[in-house]
Amino acid sequence: MLIRTLLLLNLSFCLTASSLKEAFKDKFRIGSAINIQEQLIQHPEKFEALIKKEFNSLVAENAMKWEAINPQKGVYDFKFADALVNFAQKNNMQVVGHVLFWHSQNPDWLFKDDQGEAVSKDELLKRMRFHLTTLHKRYGNKIQSWDVVNEAIDEDGSVKNTPWKKILGDDWILQAFQMAQEVFPPSTKLIYNDFNVFNKKKLTGIVSMVDQLLAAGIRIDAIGVQAHWALDYPSDKSIENLINQISSRGLKIHISELDIDVLPMPKSFSGGAEITENHSYKQSMDPYRKGLPKAKQEELAARYANIFRIFLKHADKIDRVNFWGLNDQFTWKNQWPIANRRNHPLLFDRNNDPKPAYFRILQSPSIQSKGVTK
């Protein structure tokens with residue numbers, strides 16, 4: 001009976017909107033992180049149709065990170081980034097560049113001089129400017145937004161102690177955005193991107209950083225909220241609070257990395273999205289290898305529906321909602337924070353088939369038109 005009901009509901013939802021991008025075209029852009037090699041180059045026949053149908057914004061999952069695009073000093077590899085940008089242009093999609101400055105996934109040479117010692121501040125600033133200038137010369141307005149700085153604020157609201165901070169100083173985020181403002185035109189949106197933005201102390205630190213930028217006359221256009229969330233957190237109140245606090249500074253919000261974890265977590269799990277966190281595999285932590293049970297599918301669908309209800313309520317503050325992965329096969333959550341698990345956090349399963357959560361989200365615009373207001 002439940003399956004029959006879900007199928008009937010799914011059919012009625014499909015009649016109201018043909019895709020995610022169509023459903024939310026008057027609200028915000030809908031995007032996905034793309035595994036370029038697998039999805040656009042090696043097996044386009046499996047994935048291109050889905051990407052074209054559902055999304056109007058794309059981001060490279062890894063191909064534009066510094067170690068991938070500039071692995072050796074003076075050597076750039078644009079193969080995968082070019083493939084994404086060209087695909088987006090052909091299909092009238094926007095591109096968000098991810099990411100310019102982050103403490104992870106950097107090439108070994110970046111923070112070292114020719115003698116293998118820590119590079120000087122002046123030299124690092126030169127390398128940063130060359131990197132930005134090189135990317136802007138290559139892509140110009142083909143990339144509409146850039147994640148300028150990624151994950152630089154710690155959970156207590158302080159600036160994270162990374163090589164960037166050690167070499168450039170406590171105000172390195174301001175230096176990075178000032179440089180980006182000087183290199184990129186006003187039409188290119190400049191974003192700060194981070195996880196756990198719902199954490200009160202971290203949110204306070206991010207808002208303080210924004211205030212410092214604005215007071216110094218340095219442009220920042222948006223905050224990317226890495227929504228690596230779960231079935232039971234964050235609360236509705238926390239999500240709305242972060243939206244309101246960020247928008248009160250005149251910034252737009254990008255829900256930049258949305259996925260909903262359905263697997264259990266170790267007691268020592270940090271609750272964040274720090275890529276270096278790693279826990280040992282236990283079978284009890286991997287209960288859905290044969291597929292997500294119907295009850296969990298419904299729980300995931302209800303969670304997504306409620307999150308999109310909040311997004312629609314605040315649609316005037318949100319520019320983009322971007323899923324971090326095309327389908328469950330490609331989610332990073334299969335490998336983090338425990339490797340070799342089988343997670344199910346996205347809207348499409350491993351066969352590209354839409355899950356109940358997809359249809360529940362498609363219902364959201366019709367609910368909006370029947371009385372949900374901002």
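Preceding this section is the structure that the text describes.
Residues numbered from 1 in each chain as written. Predicted model: local features only at pLDDT ≥ 70, side-chain atom pairs only at ≥ 80, totals over all residues. Heavy atoms only, no water.

(A) Expanded view of the environment of Gln-283. As for its position among the elements, Gln-283 is in the loop between strand 8 (252-261) and helix 12 (294-313). Taking the relative accessible area as the measure of exposure, Gln-283 reaches 67% and is therefore exposed. When the C-alpha atoms of Gln-283 and Leu-347 are compared, they prove to be 24 Å apart, with 64 residues separating the residues in sequence. (Helix = DSSP H or I, 4+ residues; strand = E, 2+ residues; numbered from the N terminus. Buried < 20%, exposed > 50% of the residue type's maximum accessible area, 1.4 Å probe, protein only.)

(B) Looking closely at the pattern of salt bridges. Summed over the entire model, instances satisfying the criterion amount to 22 salt bridges. Taking the shortest distance from any N to any O, the salt bridge between Lys-160 and Glu-274 comes out at 4.0 Å. Note that Lys-160 is positioned in the loop between strand 4 (145-150) and helix 8 (163-168) and Glu-274 in the loop between strand 8 and helix 12, a separation of 114 residues in sequence. For the pair shown, Lys-160 and Glu-274 are each scored as buried. Between Asp-211 and Arg-249 there is a salt bridge whose closest N-O contact spans 2.9 Å. Remark: Arg-249 occurs in the loop between helix 11 (236-247) and strand 8 and Asp-211 occurs in helix 10 (residues 200-215); sequence separation between them is 38 residues. What makes Arg-249 partly exposed here is its relative accessible area of 33%. In this structure, a network of salt bridges that share partners links the residues Glu-155, Asp-194 and Lys-202. (Salt bridge = Lys/Arg side-chain N within 4 Å of Asp/Glu carboxyl O.)

(C) The nonpolar core, seen in detail. By size, the foremost hydrophobic cluster in this structure holds 108 residues, and its most contacted members are Leu-20, Phe-101, Phe-308 and Phe-323. Every residue in contact with Phe-308, bar those within four places of it in the chain, is listed here: Phe-24, Phe-28, Ile-30, Leu-258, Val-321, Phe-323, Ile-361 and Ser-364. Counting 11 residues, the second largest nonpolar core, distinct from the first, contains Ala-33, Val-96, Ala-222 and Phe-269. (Core = buried A, V, L, I, M, F, W, Y, C linked by side-chain atoms within 4.5 Å. Contact = heavy atoms within 4.5 Å.)

(D) Looking closely at the environment of Ser-104. In this structure, Ser-104 sits in the loop between strand 3 (94-97) and helix 7 (121-139). It is 9.0 Å that separates the C-alpha atoms of Ser-104 and Trp-66, two residues lying 38 residues apart in sequence.

(E) Spatial organisation of helix 7. A rise of 1.5 Å per residue sets the reference length of helix 7, with its 19 residues, at 27 Å; its end C-alpha atoms lie 27 Å apart and thus fit the reference within 8%. Residues of helix 7 that are buried include every one of Leu-124, Arg-127, Met-128, His-131, Leu-132, Thr-134, Leu-135 and Tyr-139, and no others. Along the axis of helix 7, the buried residues cluster in a sector spanning 160 degrees; they form a single face. The exposed residues of helix 7 that point more than 90 degrees off its buried face are Asp-122, Lys-126, Phe-130 and Lys-137. Of the surrounding elements, those touching the buried residues of helix 7 are helix 5 (66-69), helix 6 (79-90), strand 4, helix 8 and helix 9 (172-183). (Expected span 1.5 Å × (residues − 1). Arc of directions from axis to C-beta.)

(F) Highlighting the packing of aromatic side chains. This structure, assessed with the given rule, holds 22 aromatic pairs. Between Tyr-76 and Phe-130, the ring centres sit 6.4 Å apart and the planes meet at 50 degrees, which makes this aromatic pair tilted. Here Tyr-76, found in the loop between helix 5 and helix 6, pairs with Phe-130, found in helix 7; they are 54 residues apart in sequence, far enough to count as distant. Overall, Tyr-76 belongs to the buried group, its relative accessible area being 19%. For Phe-130, a relative accessible area of 53% puts it in the exposed group. An aromatic cluster of at least three residues, connected via ring pairs, comprises Phe-24, Phe-28, Tyr-304, Phe-308, Phe-311 and Phe-323. A cation sits over an aromatic face here: Lys-202 above Phe-195, 3.7 Å from the ring centre. (Phe/Tyr/Trp six-rings, centres within 6.5 Å; stacked < 30°, edge-to-face > 60°. Lys NZ or Arg CZ within 6 Å of the ring centre and 35° of its normal.)

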